[in-house]
Amino acid sequence: MSPKLFVPILVTGLNFGLALLVYLKDPSRWVNRSFAVFALTVAGWTACTYLGTTYAGTPTGLLVGRGAFAMAASMAYALLLFLHIFPTSSTLPQSFPVKVFGVLGTTLTLAAISTPWIVATLTIEAGSPKVRYGPLYPLFAVYIVGSVGYSFITIFHKIRLARGAERLQLKYLFIGLLIPGLLVTITNLLIPLAFGTSYFSQYGPLFSFLMIAMIAHSIVRHRLMNIRLVVRRGVVLLLAVVIAGGVFLTLLGLITTAVFTRPHELPLWIEVSLVLLIAILFQPIRQWIQTSLDRYLYREPYDYQRTVREASQTIGSMLDLKSLLNYVCDVLGRTVRPEAVSIYIKNPGSPGYTQMALRRFIQDNAKSQFEETLPEYSPLVHFLWKARSYLLRDDLRTARPDAVQSEAMTELIESGGEIALPVLHEEHLIGLLIVAPKLSGDPYFSEDIDLLSTLVSQAAIAIKNAQLYREVALVNEYITNIVATMESGVIAVDPDGKVTLFNPAAERITGVATREIRSGPAAGLPSALAHPLQATLTDGQPRVQTETTIPDASGHYRPVSSSTYALRDRLGNVLGAVAIFTDLTRLKELEGEKRRAERLASIGALASGIAHEIKNPLVAIKTFAELLPERFTEKDFREDFSQVVIREIARIDDLVARLRGLAAPAARPLSSLDLREPIEETLTLLRGQLEQKRISVRRLYDQALPLVAGDPAQLKQLFLNLFINALEAMDAGGQLTIRLSRRESLGVPSLLAEVSDTGSGIPQNMLGKVFDPFVTTKPGGSGLGLAICRGIADAHRATIRVENNAHSRGTTVTIDFLVTDETPAAVKA
């Protein structure tokens, strides 16, 4: 194969291979996609340029030549897209210049391949290709220059803003694209435009060699586009042998050619001497070449999880500080392979930090001049204590470091360090780790920083282990004494559900002996305690102030109030669960006595009210009855008497009916329902009265309302009484407001229903009595409506209260319903 054919094929193949490598590493990332498209257009442009030059003067040559110009237009736009996306953008750019260049590039690509407007003819004149350009060629040239120029302005702007490894990648990319881009522009655009010859166009694709070399270097050395290449030892050894052998063969050829005109006449002793010299020098030179290639290409991988696991096991068992710190240095030397590591620990009895461990992994490491002590006012110490995070040379996290970080960075650089990490325990900086640059020259990547941070965290724990052991023992004894003297029962379980704590109060309340349940499964506890404990252990959610009953030693059920909580570590992982429960026996007895007293008082008030309400109609009947003997013959009297008797008996009958409503509602099974349904049905029933008084209704419902357990008929009676009271309290033109909202108190969810009016309100001295029978603020009112509402609310285990509006006229009645565990209802349109 001739060099003239080999070189274009090699360039095309390298560009295609580079495109395939980058794309296959992560096809989902736009930066990989855009670069692959750019490299493919370069490969296509190279191939078309060579073929067009080769077959110039033929129809095939003209078609392929036009394809080269089409590829050039696509290549310029692909470069623009790639440089806009690189290095971290996850979407295609949408700026106006990008769109303009995209439309123009697409148009010129189609025009170049399908019309003579850019390339009219491609012929051979004087042995070299001659292109006659069409009328759109100046526009094509302006597009290429503008697109490439805008691309390089973009990457130059990104270089100014970037830092660290990202800035280094951008620099290599800029150099790798700028130089071949300028040369290609000269040979394939400016020279044809100025001198009308395309002779030099065939050399343009060769300049992409430099682009390939620079991008490959960035991939190998700086993981351009996050591509990691693993070069095996055997490959490195083979390259070293080939390079060293090539060097000696070249030297042998030069020596024999320079000294002797006829190499076959070389004396035997000279041949033997040269062979011996080569045998002596080959191994050291090969070793030097292999070491250099190792340093450039080879990155020894390490298993992050395995390293952390083994280091954690070893560090956790070490109590000797010196051995611990030396072990950390050894682990770092085997994994991230730095030039040196230095660890400083705070002096317990004096200020400052002392160098407790120093390990150098390269003989000549003059760059790393670690101080033996660091004062507390050191900028590096101050920054690590304040930031509580690592400090990395050329840190990408802060575009503009403040004065403290700048001073700390200066100290880190002067000491020869690349990264410094704080050794933190709780709120204190107990030490710091300074690591020199890597032997390979690589930057510290995220996995390296994660490993360093993990090892430092483990070391911090180990450093404090010995000091904390005694303190932990004292604290455990103190807590045990507190728990033992508590009147509430306390039970703790570990992640496996085994009981680890069972205080004397828990033994007294449950009747279960500590020796029987301790270290046993939680299933041995009463189910009212075991189930919430297991549920909290499973989902990590607390169960607060749950009232239940548990059997005691005598078999009687004892009322208790229990709460369960998850025990978590600092990372939020569940380590167990604890239950705290209180005996409510005495409290329930007091509540029963209070209810009996309230019932007796209510009965007294009820009796007095009944006597008052029934006495009035009876007095009227009695009066007429006394006059009956004297005026029986009077027709008008008899008619009046019959009307009064019927009216007053109806009044007594109505009173009896209301008293039946005041009684506790008959127990009915409750079902899950949407509270909006009884409300809307009741409003429909009252629509006529609302329209008659011009009362507007304002509904304020939350978006996701839970269901409640209730009886629809009783709930409609409840809201009917409330709405009628509100209607009677308001003048014409008032507003009835109904609010439904979800709330949570002490971990228990509920549904809050509020009914507000704009009436005159309730006198302050009457607010505490409105739920008593026969208490009313309305003329002619029976005083039983709110008492009936109170009974219905009690039957639904809901609470009801009434209060005057704070910032406006009127009254608000609030009912707090317990919710079910069913899925919340969606808001109806």
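Residues numbered from 1 in each chain as written. Predicted model: local features only at pLDDT ≥ 70, side-chain atom pairs only at ≥ 80, totals over all residues. Heavy atoms only, no water.

### Comments concerning the overall build of the protein
Helices and strands together make up the secondary structure of the protein, namely 23 helices and 22 strands. Per-residue burial for the protein yields a buried fraction of 42% across its 829 residues. The long-range share in the protein, meaning contacts at least 24 apart out of those at least 6 apart in sequence, stands at 64%. (Helix = DSSP H or I, 4+ residues; strand = E, 2+ residues; numbered from the N terminus. Buried < 20%, exposed > 50% of the residue type's maximum accessible area, 1.4 Å probe, protein only. Contact = heavy atoms within 4.5 Å.)

### Re the pairing of strand β21 (residues 811–818)
With respect to burial, β21 is a largely interior element, 7 of its 8 residues being buried. Here 7 bridges tie strand β19 (residues 748–756) to β21, and the two strands are oriented antiparallel to one another. Bridge pairing links Ser756 to Thr812 in β21. In the sheet, strand β20 (residues 799–804) pairs with β21 via 6 bridges, with the strands oriented antiparallel. The partner of Thr799 across the bridge, within β21, is Asp816. Counting the residues in the hairpin turn of β20 and β21 gives 6 residues, including Gly810, whose phi is positive at 110°. (Pairing = 2+ DSSP bridges.)

### Some details on the nonpolar core
Judged by nonpolar contacts, the single largest core of 54 residues is most densely connected at Phe38, Phe69, Ile118, Phe140, Ile155 and Leu177. Mapped by element, the contributors of at least two residues to this core are α1 (3–25), α2 (30–54), α3 (59–85), α4 (96–114), β1 (119–125), β2 (128–133), α5 (137–161) and α6 (164–195). Examining the composition of this core, we find that 15 residues originate from one element, α3, more than from any other. Apart from the residues lying within four places of it in its own chain, the contact partners of Leu177 are Phe38, Leu79, Leu83, Phe152 and Met211. Among the nonpolar cores identified, the runner-up in size contains 42 residues, and Leu673, Leu683, Met730 and Ile762 belong to it. (Core = buried A, V, L, I, M, F, W, Y, C linked by side-chain atoms within 4.5 Å.)

### Considerations on the pairing of β1
Here β1 runs beside β2; their pairing, made up of 6 bridges, is antiparallel. Among the inter-strand pairings, Thr121 is bridged to a residue of β2, identified as Arg132. From the end of β1 to the start of β2, which pair antiparallel, there are 2 residues, and Ala126 there has a positive phi angle of about 60°.

### A look at unusual backbone geometry
In this structure, Arg337 is a non-glycine residue whose phi angle is positive, near 55°. Considering the arrangement of structural elements, one finds Arg337 in the loop between α11 (321–335) and β3 (340–346). In this model, Gln545 sits at a positive phi of 50°, which is unusual for a non-glycine residue. Residue position: Gln545 is located in strand β11 (residues 543–551).

### Some words on the pattern of salt bridges
Enumeration according to the criterion identifies 14 salt bridges in this entry. Residues Arg306 and Glu310 are paired through a salt bridge, measuring 2.9 Å at the closest nitrogen-oxygen approach. Of this pair, Arg306 and Glu310 both sit in helix α10 (residues 304–316), 4 residues apart, roughly one helical turn. Judged by relative accessible area, which is 48%, Arg306 ranks as partly exposed. Owing to a relative accessible area of 37%, Glu310 belongs among the partly exposed residues under this scheme. (Salt bridge = Lys/Arg side-chain N within 4 Å of Asp/Glu carboxyl O.)

### Quick look at the environment of Ala528
On the secondary structure map, Ala528 appears in helix α17 (residues 527–539). Taking the C-alpha atoms as reference points, Ala528 and Ser562, separated by 34 residues in sequence, lie 9.0 Å from one another. Excluding residues that lie within four positions of it along the chain, Ala528 makes contacts with Thr548, Thr549 and Ile550.

### Points about the packing of helix α22 (residues 712–729) against helix α23 (residues 785–795)
One way to put it is that α22 packs onto α23 with a least axis distance of 9 Å and a crossing angle of 150°. Like other packed secondary-structure pairs, α22 and α23 cross with a definite hand, here left-handed. Taking contact as the criterion, the partners of Gln714, Gln717, Leu718, Asn721, Leu722 and Asn725 in α22 are, on α23, Gly785, Leu786, Ile788, Cys789, Ile792 and Ala795. For the contact of α22 with α23, the class distribution of residues is 7 nonpolar, 5 polar and no charged. (Axes fitted to C-alpha atoms, helices over the stretch in contact; angles between N-to-C directions. Left-handed = near helix turned anticlockwise from the far one by under 90°. Nonpolar A, V, L, I, M, F, W, Y, C, P; charged D, E, K, R; others polar.)

### Let's talk about the environment of Val145
Position of Val145 among the secondary structure elements: in helix α5. C-alpha of Val145 to C-alpha of Thr185: the two residues are 40 residues apart in sequence and 7.9 Å apart in space.

### Observations concerning the sheet that holds strand β6 (residues 391–392)
With antiparallel pairing, 6 strands are arranged side by side in an open sheet as β5-β4-β3-β8-β7-β6. Each edge of the open sheet carries a strand with a single partner, namely β5 (373–374) and β6. When β6 meets strand β7 (residues 419–425), the two strands line up antiparallel, connected through 2 bridges. Directly across from Leu391, in β7, lies its bridge partner Ala420. Across the sheet, helix α12 (residues 379–387) lies against β4 (353–360), β5, β6, β7 and β8 (428–435), angled at about 120° from β8, the strand it touches most.

### Side note on the side chain of Ser147
Among the secondary structure elements, Ser147 is positioned in helix α5. A distance of 3.2 Å separates a polar atom in the side chain of Ser147 from the backbone oxygen of Ala76. Ignoring sequence-local partners within four residues, the contact set of Ser147 consists of Ala76, Tyr77, Leu80 and Phe101. (Polar contact = N/O pair within 3.5 Å; in protein donor to acceptor, adjacent residues only side chain to side chain.)

### A word on the sheet that holds β19
Paired through backbone hydrogen bonds, the strands of a sheet run either parallel or antiparallel to each other. What the 5 strands build is an open sheet, ordered β15-β18-β19-β21-β20; its pairing is mixed. Among the strands making up the open sheet, the edge pair consists of β15 (696–701) and β20. Direction aside, neighbouring strands of the sheet carry axes that sit 20° apart on average. By the bridge criterion, 6 bridges tie β15 to strand β18 (residues 735–745) in an arrangement that is parallel. Paired with Tyr701 across the strands is Leu740, a residue of β18.

### Examining the side chain of Ser563
Assignment of secondary structure puts Ser563 in strand β12 (residues 557–568). The exposure class of Ser563 is buried, given its relative accessible area of 5%. Among the polar contacts listed, one links the side chain of Ser563 to the backbone nitrogen of Gln545, at a separation of 2.8 Å. The residues touching Ser563, leaving out its near neighbours within four places in the chain, are Arg543, Val544, Gln545, Val578, Ala579 and Ile580.

### Let's talk about α22
Here α22 is 18 residues long and its end C-alpha atoms lie 26 Å apart, about the 26 Å a rise of 1.5 Å per residue gives. Of all the residues in α22, the buried ones are Gln714, Leu715, Leu718, Phe719, Leu720, Asn721, Leu722, Phe723, Ala726 and Leu727. (Expected span 1.5 Å × (residues − 1).)

### Section: the packing of helix α20 (residues 676–685) against α22
Helix packing for two helices is described by the angle between their axes and how far apart those axes are. Following both chains from N to C, one finds α20 and α22 inclined at 50°, their axes separated by 9 Å at the closest point. It follows that α20 is oblique to α22 by the angle criterion. Read as a crossing pair, α20 and α22 show a hand that is right-handed. For the pair formed by α20 and α22, the contact residues are Pro678, Ile679, Glu681, Thr682, Leu683 and Leu685 on the first element and Pro712, Leu715, Lys716, Phe719, Leu720 and Phe723 on the second. Residues of the contact of α20 with α22, tallied by class, amount to 9 nonpolar, 1 polar and 2 charged. (Parallel < 35°, antiparallel > 145°, perpendicular 65-115°, else oblique.)

### Quick word on the packing of aromatic side chains
In the structure shown here, the tally under the stated rule is 11 aromatic pairs. Seen in terms of ring centroids, Phe69 and Tyr137 are 6.2 Å apart; in terms of plane orientation they differ by 70°. Their pairing is edge-to-face. Here the residue Phe69 occupies a position in helix α3, and Tyr137 occupies one in helix α5, the gap between them amounting to 68 residues. According to the relative accessible area criterion, Phe69 is buried, its value standing at 15%. (Phe/Tyr/Trp six-rings, centres within 6.5 Å; stacked < 30°, edge-to-face > 60°.)

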